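Reading the structure
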Amino acid sequence: MKIGVFDSGYGGLTILKEIKKRLPQYDYLYLGDNARNPYGSRSFELVYEFTLQAVKALFERGCHLVILACNTASAKALRSIQQNDLPHIDPNKRVLGVIRPTIEAIPHITLSRHVGVLATPGTVLSRSYSIELNKFAPDIKVTEHPCPMWVPIVENNEIGSPGADYFIKKEIDSIFNRDSKIDTLVLGCTHYPLLVDSIKKFVPESTKIICQGSLVAESLECYLARHADLQAQCSQGGSTKFLTTEHSNKFDSLASFFLDKTVESETINLSD
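The rules behind the values
- Residues numbered from 1 in each chain as written.
- Predicted model: local features only at pLDDT ≥ 70, side-chain atom pairs only at ≥ 80, totals over all residues.
- Heavy atoms only, no water.
- Helix = DSSP H or I, 4+ residues; strand = E, 2+ residues; numbered from the N terminus.
- Rg over C-alpha atoms; globule rule 2.2 N^0.38 Å.
- Buried < 20%, exposed > 50% of the residue type's maximum accessible area, 1.4 Å probe, protein only.
- Contact = heavy atoms within 4.5 Å.
- Phe/Tyr/Trp six-rings, centres within 6.5 Å; stacked < 30°, edge-to-face > 60°.
- Lys NZ or Arg CZ within 6 Å of the ring centre and 35° of its normal.
- Pairing = 2+ DSSP bridges.
- Axes fitted to C-alpha atoms, helices over the stretch in contact; angles between N-to-C directions.
- Parallel < 35°, antiparallel > 145°, perpendicular 65-115°, else oblique.
- Left-handed = near helix turned anticlockwise from the far one by under 90°.
- Nonpolar A, V, L, I, M, F, W, Y, C, P; charged D, E, K, R; others polar.
- Expected span 1.5 Å × (residues − 1).
- Core = buried A, V, L, I, M, F, W, Y, C linked by side-chain atoms within 4.5 Å.

1. What to know about the overall build of the protein chain
- When its secondary structure is counted, the protein chain shows 13 helices and 10 strands.
- Computed over C-alpha atoms, the radius of gyration of the protein chain comes to 18 Å, within 12% of the 19 Å expected from 2.2 N^0.38 for 272 residues, which places it in the range of a compact globule.
- Overall size of the protein chain, expressed as C-alpha extent along the three principal axes, is 50 × 40 × 35 Å.
- Burial statistics for the protein chain: of 272 residues in total, 55% are counted as buried.
- Counting contacts in the protein chain only where the partners sit at least 6 residues apart, residues at least 24 apart contribute 77% of the total.

2. Observations regarding the packing of aromatic side chains
- One pass over the full model with this rule turns up 10 aromatic pairs.
- Stacked on the ring of Phe44, the Lys or Arg Lys76 has its end atom at 5.0 Å from the ring centre.
- Of note, Lys93 hangs over the ring of Phe59, and the distance from its end group to the ring centre comes to 5.5 Å.

3. Section: the sheet that holds strand E10 (residues 265-267)
- One open sheet accounts for six strands, arranged E4-E3-E1-E2-E9-E10; its pairing is parallel. Each edge of the sheet is formed by a strand with only one pairing partner; in this case those strands are strand E4 (94-96) and E10. Each neighbouring strand pair of the sheet contributes to a mean axis angle of 20°, computed without reference to strand direction.

4. Brief notes about the packing of helix H1 (residues 12-22) against helix H13 (residues 248-259)
- Contact geometry for H1 and H13: axes closest at 9 Å, N-to-C directions at 50°. As judged from the angle between their axes, H1 and H13 are oblique. Pair H1 / H13 crosses with right-handed handedness. Where H1 approaches H13, its residues Leu13, Thr14 and Lys17 are matched on the opposing element by Ala255, Phe258 and Leu259.
- Split into classes, the residues belonging to the contact of H1 with H13 amount to four nonpolar, one polar and one charged.

5. Looking at helix H9 (residues 162-178)
- Its 17 residues place the ends of H9 25 Å apart at the C-alpha level, agreeing with the 24 Å of an ideal helix rising 1.5 Å per residue.
- Next to the buried residues of H9 lie strand E5 (114-119), strand E6 (141-146), helix H8 (150-155), strand E7 (184-187) and helix H10 (196-200).

6. With respect to the sheet that holds strand E8 (residues 208-210)
- One open sheet holds the four strands; their spatial order is E6-E5-E7-E8, and the pairing between them is parallel. In this open sheet, the two strands that pair with only one neighbour each are E6 and E8. Put simply, the sheet's adjacent strands are angled 20° from each other on average, direction ignored.
- With four bridges joining them, E5 and E7 adopt parallel strand pairing. Note on E7: the bridge partner recorded for Gly116 is Leu185.
- Along the sheet, helix H7 (residues 128-136) contacts E5, E6 and E7; its crossing angle with E6, the most-contacted strand, is approximately 165°.

7. Digging into the nonpolar core
- Ranked by size, the top nonpolar core spans 67 residues in total, and within it Leu13, Leu65, Leu118, Trp150, Ile172 and Tyr192 carry the most contacts.
- With six residues, helix H11 (residues 212-226) is the single largest residue contributor to this core.
- Among all residues touching Leu13, those that are not within four sequence positions of it are Tyr30, Phe242, Ala255, Phe258 and Leu259.
- Listed in part, the 25 residues of the second largest apolar core include Leu31, Val47, Val66 and Leu78.

These results come straight from atomic positions and should not be treated as a statement about function.
Here's what the structure looks like:
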């Protein structure tokens, strides 16, 4: 059984890359709903509907474990799928997200107990980071800030351009103006690690920047170690296949940029 990795677009490839780096032995099936992205500005109901369609598609293709490598899907759909859908689809299947592993790491990183979260408008609107972190460490002050231009910067290959730096500095200045005591910044969108070099130019040198990929990979490794029955079902051929709802040529070009290797994908339709 392959491990499924889902994202609304391309950013989840940064999560897949880190997972494969840590756990290269498993077989993976990546699905990007690129024809309907971005999810960040869509309603909770629509994100849930789209995410459930994707999860079912991965289940139908032999995945027993699916990682939602998307902050918006993790914020708006994960809990409903876990609580309401999995018991009816198959109680032995699992769907995990990217927010929980990040939340669990934050209290061990911040010293000032002031944390900033840079994310899409949809993730910020959900307040998932504030709500979840309050359960783990209620003493931490969380400032969530939307960065609506950052995903287009990445997907239009404008990284490092003067225009990109303008929008990156604008949002960094805004979040630090709201709370100057922030010592830890969470990149709460899977596209944002590709902007980390530019982000570092505009934050205090002592600021810790959290990219989710390595945390999610470490958390998955621990999860599989705790669930030996599920781990035993995961095939270990070291392969990766790619599915997209976009034209495969377009996906292959951008995905190759994200992964720094040649990608060949298959186009599927999730709306049937």
